[in-house]
Amino acid sequence: LREYTRSMAYNSQKIEAAMAQEAPVCLRVGTSKTIGEYVIAPKVGRFLRAHPEASFSLLVDNTQVLLRALEEGKLDFVLVEGFFERSRYQARLYRKERFFGICPPGHRLAGRSVPLEEVEGERLIIREEGSGTRAIFEDALRRQNRTLGSFPQLVTISDFSTIKSLVTGGLGISFLYAPVVEKELAEGSLASFELAEAPMSGAFYFVCLKDNLFAGLWSDWLE
């Protein structure tokens, strides 16, 4: 019995010593497409410089895909836009962003605040179902008792670059977050407009599973 007790004490000390050693950093992050393509790169760079030994992965997809991956334990936390069931997660506001319509320069909508009726005759180019970008616009329509069915010419595209290229070419209008079109607006290749009765804005959220012990450390990574 004394030998068994000594063995257990020795093993316990080994475990405690191993836990005391700094483990290699491993971080699995998911971001919605707006954040992943236009917002988060400086944060990732800062993290990798601070932790050259780190194992890091970044999944960029739409909001609903990311939330499923989070619940399946494939991601440590996600940064998402749009709407989600807040009661199911531990969430913190990351930042707010403007959300507005885009069109070619010289278009009749450019630089204006317009009623929704003026927009409904345009070809609408929009992100795929499940994306936060699409959800923001659909919510604005619902507030005016409308749906995407109000747009007889509807085009669904998941890629931001393709959307912007088509709008620049005069083949439709779209609604996107400010960071996505910041460069094009500054260059003058795109113009913006607002919906008069349905002003839109969006927010990006840090989201992890409830009761996650590392949530505080991960959220500090965003500062």
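Peer 1: Help me out: how do you make sense of helix H4 (residues 63-71) in this one?
Peer 2: Note: α-helices contain 3.6 residues per turn, so residues at a spacing of three or four share the same orientation. For H4, the full list of buried residues reads Thr63, Leu66, Leu67, Ala69 and Leu70. Summarising the axial view, the buried residues of H4 lie within an arc of 160°, below the 170-degree limit, and thus occupy one face. Structurally, H4 contributes buried residues whose contacts are with strand S1 (26-31), strand S2 (55-60), strand S3 (77-81), strand S4 (89-103), helix H6 (132-142) and strand S10 (201-209). A distance of 3.2 Å separates the backbone nitrogen of Gln64 from a side-chain oxygen at the start of H4, and that oxygen is part of Asn62. Just downstream of H4, Gly73 is the residue with a positive phi angle, here 80°.

Peer 1: Mind showing me how you'd approach the environment of Phe137 here?
Peer 2: Relative to the helices and strands, Phe137 resides in helix H6. The sequence separation of Phe137 and Phe99 amounts to 38 residues, and the corresponding C-alpha distance is 8.8 Å. For Phe137, the contacting residues outside a window of four places in its chain are Phe99, Leu124, Ile126, Leu148, Phe151, Phe175, Leu195 and Met200.

Peer 1: How do you make sense of unusual backbone geometry when you look at a structure like this?
Peer 2: Note: most peptide bonds trans; most residues except glycine with negative phi. With a phi close to 55°, Asn145 is a non-glycine residue in the positive phi region. Mapping Asn145 onto the fold places it in the loop between H6 and strand S7 (154-156).

Peer 1: It is not clear to me how the pairing of S3 should be interpreted in this structure. Could you clarify?
Peer 2: Moving residue by residue along a regular strand, the side chains alternate between the two faces of the sheet. Most of S3 sits out of view: 5 of its 5 residues are buried. Pairing of S1 with S3, which is carried by 3 bridges, proceeds in the parallel orientation. Bridge pairing in S3 links Thr31 to Leu79. Direction of pairing for S3 relative to S10: antiparallel, over a ladder of 4 bridges. Pairing of Val78 across the sheet is with Val207, part of S10.

Peer 1: Looking at this structure, how should I read the side chain of Glu81?
Peer 2: Within the secondary structure layout, Glu81 lies in strand S3. Among the polar contacts listed, one links the side chain of Glu81 to the side chain of Thr34, at a separation of 2.9 Å. Apart from residues no more than four positions distant in its own chain, Glu81 is found in contact with Ser32, Lys33, Thr34, Ile35, Thr63, Gly132, Thr133, Tyr177, Ala203 and Phe204.

Peer 1: Would you take a moment to explain the packing of aromatic side chains for this structure?
Peer 2: This structure, assessed with the given rule, holds 10 aromatic pairs. Both rings, one in Phe137 and one in Phe151, keep their centres 5.9 Å apart while their planes meet at 55°; by these two values the pair is tilted. Taken together, the residues Phe137 in helix H6 and Phe151 in the loop between H6 and S7 connect sequence positions 14 residues apart. Per residue, the accessibility class of Phe137 equals that of Phe151, and both read buried. Summarising the aromatic geometry, the rings of Tyr177 and Phe204 are spaced 5.1 Å apart at their centres and angled 65° between planes, so their arrangement reads as edge-to-face. You can see Tyr177 sitting in strand S8 (residues 174-177) and its partner Phe204 sitting in strand S10, a full 27 residues away along the chain. Of the residues examined, Phe204 reaches a relative accessible area of 0% and is grouped as buried. By way of ring pairs, the aromatic residues Phe137, Phe151, Phe175 and Phe193 are connected into one cluster.

Peer 1: Just checking my understanding: could you explain the environment of Gly101 for this structure?
Peer 2: Assignment of secondary structure puts Gly101 in strand S4. In the structure, Gly101 is positioned 74 residues away from Phe175 in sequence and 4.2 Å away in space, judged by C-alpha atoms. Setting aside residues no more than four positions away along its own chain, Gly101 makes contact with Ser174, Phe175, Ala191, Ser192 and Phe193.

Peer 1: Got a minute to help me understand the nonpolar core in this structure?
Peer 2: Within soluble globular proteins, side chains that are nonpolar generally end up buried alongside one another. Judged by nonpolar contacts, the single largest core of 49 residues is most densely connected at Val119, Phe137, Phe175, Phe193 and Leu195. The greatest single-element share of this core, amounting to 5 residues, is contributed by S4. Listed in part, the 12 residues of the second largest apolar core include Leu67, Val80, Ala203 and Val207.

Calculation criteria
Residues numbered from 1 in each chain as written. Predicted model: local features only at pLDDT ≥ 70, side-chain atom pairs only at ≥ 80, totals over all residues. Heavy atoms only, no water. Buried < 20%, exposed > 50% of the residue type's maximum accessible area, 1.4 Å probe, protein only. Helix = DSSP H or I, 4+ residues; strand = E, 2+ residues; numbered from the N terminus. Arc of directions from axis to C-beta. Contact = heavy atoms within 4.5 Å. Polar contact = N/O pair within 3.5 Å; in protein donor to acceptor, adjacent residues only side chain to side chain. Pairing = 2+ DSSP bridges. Phe/Tyr/Trp six-rings, centres within 6.5 Å; stacked < 30°, edge-to-face > 60°. Core = buried A, V, L, I, M, F, W, Y, C linked by side-chain atoms within 4.5 Å.

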